Amino acid sequence: MDLVLLGPPGGGKGTQAKRLMDKFGLVQLSTGDMLRAAVASGSEIGKRAKAVMDAGQLVSDDIVIGIIDERLDAPDTKGGVIFDGFPRTVAQAEALDAMLARKGRRLGHAIEIRVPDQLLIDRITGRFTCAKCGAGYHDQFQKPKAAGVCDKCGGTEFVRRADDNAETVTKRLGAYHAQTAPLLPYYEGKGVLSVVDGTQDIAEVTRALEAILDGAKVG
Ligand code: AMP
């Protein structure tokens, strides 16, 4: 079964997707991560996406639909995937439905992690990740136990996303409300939408998501 995590930038989709993967045998598919990898590699797609991402706008539907279509053909996705940051427009959601039907897959759940805007700017502008293992941290809310050393792998290099500055975050929130929020009624109409309170502790949000997925008999 496949699952869509919905919610604003900084709402915790990526953090929660990583926590759900092992328990449910799902693979996280983050279009943001894939696009950042494309930018870093200097590929044609990366070149086209970079300026749009730096401006806090959405990359064209064709590009992200193409990336997901290709990724879903890899064998590691057979046991189910968590879509993180995709779909982000109604056109992407419609393309995803058609794609899943064509590939004989099923979307079991769309879960909104709901967080009010005023909490998101602090969350996003303070976050950083270990350059070696990708573990996520925050200047205020989740510092490494020893300053400058990754708890998980001992790495000492950390990176911040180019688009995690206050100005771009405001634009990304604008794009979320204008283009992505219409997916909530879209999935509600299909009877697959659930909502989780994303202002709770990370572990509490995970527990709420697990309860929904346990009820949905993932696997
Ligand atoms: P994220 O890591 O999900 O916050 O995505 C970072 C940026 O990548 C976004 O602000 C967009 O510019 C781009 N992006 C990621 N996913 C999508 C998508 N599904 N559709 C369009 N643009 C996307």
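My aim in this report is to walk through the structure given alongside it, one point at a time. Everything numeric in this text was worked out from a predicted model, so none of it was measured. Sequence order as written defines the numbering, with residues in each chain counted from 1. Residues qualify for local features only when their pLDDT is at least 70, as the model is predicted, and side-chain atom pairs are given and counted only at 80 or more; totals for whole chains, interfaces and linings, by contrast, use all residues. Derived side-chain values reflect all non-hydrogen atoms in the structure, with water molecules and hydrogen atoms excluded from consideration.

1. Comments concerning the nonpolar core
Nonpolar side chains tend toward joint burial in soluble globular proteins. Put simply, the rule reads: Here, nonpolar core refers to any group of buried Ala, Val, Leu, Ile, Met, Phe, Trp, Tyr and Cys residues whose side-chain atoms link them within 4.5 Å. The classification of residues rests on relative accessible area computed with a 1.4 Å probe and restricted to protein chains. Under 20% of the type maximum is buried, over 50% is exposed, and intermediate values are partly exposed. Helix and strand definitions here come from DSSP, where helices need a minimum of 4 consecutive H or I residues and strands a minimum of 2 consecutive E residues; each element is numbered from the N-terminal end. Whether two residues are in contact is decided by their heavy atoms, any of which lying within 4.5 Å being enough.
Ranked by size, the top nonpolar core spans 30 residues in total, and within it Val-4, Leu-29, Leu-35, Ile-68, Leu-72, Phe-83 and Tyr-187 carry the most contacts. Per element, the largest residue contribution to this core is five residues, and it comes from helix H4 (residues 61-71). The contacts of Val-4, once residues within four sequence positions are left out, are Phe-83, Phe-86, Pro-87, Leu-96, Leu-107, His-109, Ala-110, Ile-111 and Tyr-187. Ranked by size, the runner-up nonpolar core spans 15 residues in total, among them Leu-3, Leu-5, Leu-20 and Leu-26.

2. Thoughts on the pairing of strand S1 (residues 2-6)
On a regular strand, each side chain points to the face opposite its neighbour's, so the side chains alternate between the two faces of the sheet. Definition in use: Strand pairing is defined by DSSP finding a minimum of two bridges between the two strands.
Among the five residues of S1, five are classified as buried, and the element is accordingly described as predominantly covered. Burial along S1 is two-sided: Asp-2, Val-4 and Leu-6 facing one way and Leu-3 and Leu-5 facing the other are all buried. Taken together, the five bridges between S1 and strand S4 (residues 107-114) define a ladder with parallel strand orientation. Within the sheet, the bridge partner assigned to Asp-2 lies in S4 and is Leu-107. Pairing geometry for S1 and strand S3 (residues 81-84), over three bridges, is parallel. Note that in S3 the partner of Leu-5 across the bridge is Asp-84.

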